Amino acid sequence: MLPSATSEKGSAPSQATFRFRCIGCGSVSSSAAQDFRCSQCGNLLEITDSSWNSQNPAALKSLWRERRTLNEGIDLSGVWRFREFLPTPASEQQIVTLREGNTPLYELPQSSRITDVPRLYAKHQGLNPTGSFKDAGMTVAATFARQAGYHWVACASTGNTSASMAAYAARGGMRSLVLVPEGKISWSKLSQALDYGALTCQLRTDFDGCLRLLQELVRRAPVYQLNSINPFRLEGQKTLAFELLEQLDWEPPDHIIVPGGNLGNSSAIGKALLEMRDVGLIPRLPKLSVIQAEGANPLVRTLREAGGKRLVSVQAETRATAIRIGNPASWEKAVKVLQATGGACEQVSELEIAQAKAEIGAEGIGCEPASAVTLAGLKKLLRQGFVKPEETVVLVLTGNLLKDPDYTMEFHRGDLFKDTPYEQSAKLDRFRHPPVVLDATLDAVIKTLEQAEKSDPTHSNV
Ligand code: F0G
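What you see is a predicted model, and the numbers here were worked out from it, not measured in a lab. Along each chain, residue indices are assigned from 1 in the same order as the chain's sequence is written. Per-residue local features of the predicted model are confined to residues with pLDDT of at least 70, and side-chain atom pairs are confined, for both listing and counting, to 80 or more; whole-chain, interface and lining totals are unaffected and use all residues. Heavy atoms from the whole structure form the basis of all side-chain values; hydrogens and water molecules are not counted.

> How should I be thinking about the side chain of lysine 123 in this particular structure?
Only runs of H or I of at least four residues qualify as helices and only runs of E of at least two qualify as strands under DSSP, and these elements are numbered from the N terminus. On the secondary structure map, lysine 123 appears in strand E5 (residues 120-124). Residue lysine 123 is classed as buried on the basis of its relative accessible area, which comes to 0%. In protein, a polar contact means a hydrogen-donor-capable atom and an acceptor-capable atom, both N or O and within 3.5 Å, with residues adjacent in sequence counting only if both atoms are side-chain atoms; elsewhere, any N or O pair within 3.5 Å suffices. A polar side-chain atom of lysine 123 sits 2.6 Å from a polar atom in the side chain of glutamate 243. Looking at lysine 123, its side chain comes within polar contact range of the side chain of glutamine 247, at 2.9 Å. Contacts: residue pairs with any heavy atoms within 4.5 Å of one another. Excluding residues within four positions of it along the chain, lysine 123 makes contact with Thr103, Pro104, Leu105, Leu240, Glu243, Leu244, Gln247, Val394, Leu395, Val396 and Leu397. With a 1.4 Å probe rolled over the protein chains alone, any residue whose accessible area is under 20% of its type maximum counts as buried; one over 50% counts as exposed, and the rest are partly exposed.

If you want it as structure tokens, here you go:
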């Protein structure tokens, strides 16, 4: 018998209720933290709070700046620093934090040259505590899971959610259950979940199969679901946009480009942009564009084949395993965000992803394959004329380079596209830097050095 939501800790059940708005029928209701779908139409809920609209933008900007200089408490979190736009926990002691957020905004000089976009930036969410953007959402959702008295939290994952959830559960004194597709997530992400103490189940199915099973499980067992249909997750992920705008001195970029998988992150960023515009923190909306891998492109197809009216799901296949998702839960939220901000939705090939990842690596920052779709997508949107070179563009890099070392090693060794149509493509050769095995002599190393200098005298990786 699993302990119920509260019995293990012996604490009183949380009576806290929150205001939710249905993204389908628009009805607003108050209910507890565990309701994710509208009782009337079944669509996903999002959190809303009327107090958000009565804030003074100038006062908020200086308050948030001041908090950045503080050296203790929840202001050390780049998420809770923006708590005026987050649901409020019963007390600060409830907050489960690993000092997430506070991620850098980098210039990308080499990619700027390649794309001819001088004002090109990367918001590197891979520099969060567990190496991905999930931490910004997890601190909020784990906080409310703990406040509601849950003993178990659970997620289906392509890897990053599970790593993040396991860490925050451990930090918050909860147990975590992870459902991942067997053989289809990187070892690096799986090893994180193990180290943080999750009960990890590798299921013989894909991500979509894991998520389906989890939906059934939460109806039968007192576990709290921490996938991105959990609206508290998305509230935390909103802060990426607040922090980004602060880093740009509240001058909105023209474009923000994100990878699309289960489509929670694009929904969260879009929600934040609309809230910031409504309260007067920014004068206009950036266009938010979503990029998918060609083999995992349900949103692209939903828009092209069904005008965004019904989900066209796919059997997903891509080496960017983080976004290997064919049946995204938050597709309706993402469609609304694209419409509200005027953004585009595009797909990129495996070859384009591999090249873009190498180019971001050559900037000295690196990212995981799923994040690299943003640069690949930007190139495509430039060719289409949707993005103009003189515009300001921000790529959201969602995961750390170290999240998928197998991909990187196979790329550099030339094995990544073995037995695929891209096998013979020489396009990527100039990006490869395979390790060189040598005798341990000075001569051998000097010779290799000279050869490297000869073959690349301009000292340029790209
Ligand atoms: N980039 C990375 C590195 C991811 O891990 C994910 C999703 C995405 C992009 C897509 O974000 O789902 O909000 O559209 N990873 C999930 C996981 C699904 O289980 O880790 P999304």
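Text resumes after the structure shown.
> What's the story with empty space enclosed by the protein in this structure? I'm lost.
The method is simple in principle: a probe with the dimensions of a water molecule rolls over the atoms, and the space it marks as empty is what remains. Of the grid points, spaced at 1 Å and generated over the protein atoms alone, those admitting a 1.4 Å probe that cannot get out make up cavities, while open sets with protein on both sides within 12 Å along at least five of seven lines make up pockets; any residue with an atom within 4 Å of a point is treated as lining. Grid points are joined across faces, edges and corners, and a volume is the space filled by probe spheres set on the points. Applying the stated rule across the entire model yields two cavities of 30 Å³ or more. Each pocket or cavity is described by its volume, and for the largest cavity that value is around 310 Å³. Contributing to the lining of the largest cavity are 25 residues, with Phe133, Lys134, Gly261, Asn262 and Ala322 lying nearest its centre. Polarity classes work like this: nonpolar for Ala, Val, Leu, Ile, Met, Phe, Trp, Tyr, Cys and Pro, charged for Asp, Glu, Lys and Arg, and polar for all others, with Gly in that last group. When grouped by side-chain class, the residues that make up the lining of the largest cavity number nine nonpolar, 13 polar and three charged. If you trace the second largest cavity, you find it lined by Gly78, Val79, Gly101, Thr103, Gln125, Ala136, Thr239, Leu240 and Glu243. For the lining of the second largest cavity, the element with the highest residue contribution is helix H7 (residues 231-247), accounting for three residues. By residue class, the composition of the lining of the second largest cavity is three nonpolar, five polar and one charged.

> Help me understand the environment of phenylalanine 411, please; the structure alone is not making it clear to me.
As for its position among the elements, phenylalanine 411 is in helix H13 (residues 405-413). Exposure remark for phenylalanine 411: the relative accessible area of 3% places this residue in the buried category. When the C-alpha atoms of phenylalanine 411 and tyrosine 168 are compared, they prove to be 32 Å apart, with 243 residues separating the residues in sequence. With sequence-adjacent residues up to four places away left out, phenylalanine 411 is seen in contact with Ala354, Ala358, Leu416, Leu428, Phe431 and Arg432.

> So what exactly am I meant to see when it comes to helix H6 (residues 207-220) here?
Think of an α-helix as turning once every 3.6 residues; residues three or four places apart then point the same way. An ideal rise of 1.5 Å per residue puts 20 Å on 14 residues; H6 measures up with 20 Å between its terminal C-alpha atoms. Taken together, the buried positions of H6 are occupied by Phe207, Asp208, Gly209, Cys210, Leu211 and Leu214. In this structure, the buried residues of H6 make contact with strand E6 (152-156), strand E7 (175-181), strand E8 (199-203) and strand E9 (223-225). One less than the residue count of a helix, multiplied by 1.5 Å, gives the span that helix is expected to have.

> Which parts of the structure should I look at to understand a nonpolar patch on the surface?
Excluding any residue in a salt bridge, patches collect residues exceeding 30% relative accessible area, merging like charges within 9 Å and nonpolar Val, Leu, Ile, Met, Phe, Trp and Tyr side chains within 5 Å. Residue exposure ignores everything except the shown protein chains as possible cover, and the areas themselves are Shrake-Rupley values with a 1.4 Å probe. A carboxyl oxygen of Asp or Glu within 4 Å of a side-chain nitrogen of Lys or Arg is what we treat as a salt bridge. Residues Val436, Leu438 and Val445 make up a contiguous nonpolar surface patch of about 250 Å² in total accessible area. Relative to the assigned elements, valine 445 resides in helix H14 (residues 442-455). On the basis of relative accessibility, which here comes to 45%, the residue valine 445 falls in the partly exposed class.

> Sorry if this is basic, but what is going on with the packing of aromatic side chains here?
Within a pair of aromatic rings, the relevant descriptors are the distance that separates the centres and the angle that separates the planes. Only Phe, Tyr and Trp rings are paired, with Trp represented by its six-membered ring, and only when their centres lie within 6.5 Å; those with planes under 30 degrees apart are stacked, over 60 edge-to-face, the remainder tilted. Following the criterion strictly, the structure yields 14 aromatic pairs and no others. Taking the centre distance of 5.3 Å and the plane angle of 70 degrees together, the rings of phenylalanine 417 and tyrosine 422 count as edge-to-face. A relative accessible area of 8% places phenylalanine 417 in the buried class. Note on tyrosine 422: relative accessible area 25%, which makes it partly exposed. Taken together, the ring pairs in this structure connect Trp52, Trp64, Phe82, Phe85, Phe242 and Trp250 into an aromatic cluster. Lying across the ring of tryptophan 52, lysine 238 places its NZ or CZ 3.9 Å from the centre. To sit over a ring, a charge needs its Lys NZ or Arg CZ within 6 Å of the ring centre and within 35 degrees of the ring normal.

> In this structure, what is going on with the state of the cysteines? I would like to understand it.
Two cysteine sulfurs form what is called a disulfide whenever their separation falls within 2.5 Å. A complete count under the given rule lists zero disulfides for this structure. Residue cysteine 22 stays outside any disulfide, its sulfur separated by 3.3 Å from that of cysteine 41, the closest cysteine. Note on cysteine 22: relative accessible area 2%, which makes it buried. Free of any disulfide, cysteine 201 has its nearest neighbouring cysteine sulfur in cysteine 210, separated by 9.3 Å.

> Would you explain the sheet that holds E7 in this entry?
Strand pairing within a sheet occurs via backbone hydrogen bonds; the two strands may be parallel or antiparallel. Should DSSP find at least two bridges between two strands, the strands are regarded as paired. Overall, parallel pairing links the four strands, which are arranged E8-E7-E6-E9 in an open sheet. Looking at strand neighbours, the two that pair on one side only are E8 and E9, the edges of this open sheet. Recorded for the sheet is a direction-independent mean angle of 25 degrees between the axes of neighbouring strands. In terms of strand pairing, E6 meets E7 through five bridges, oriented parallel. Between the N-to-C directions of two axes lies an angle of 0 to 180 degrees, each axis being a line fitted to C-alpha atoms and, for a helix, fitted only over the stretch in contact.

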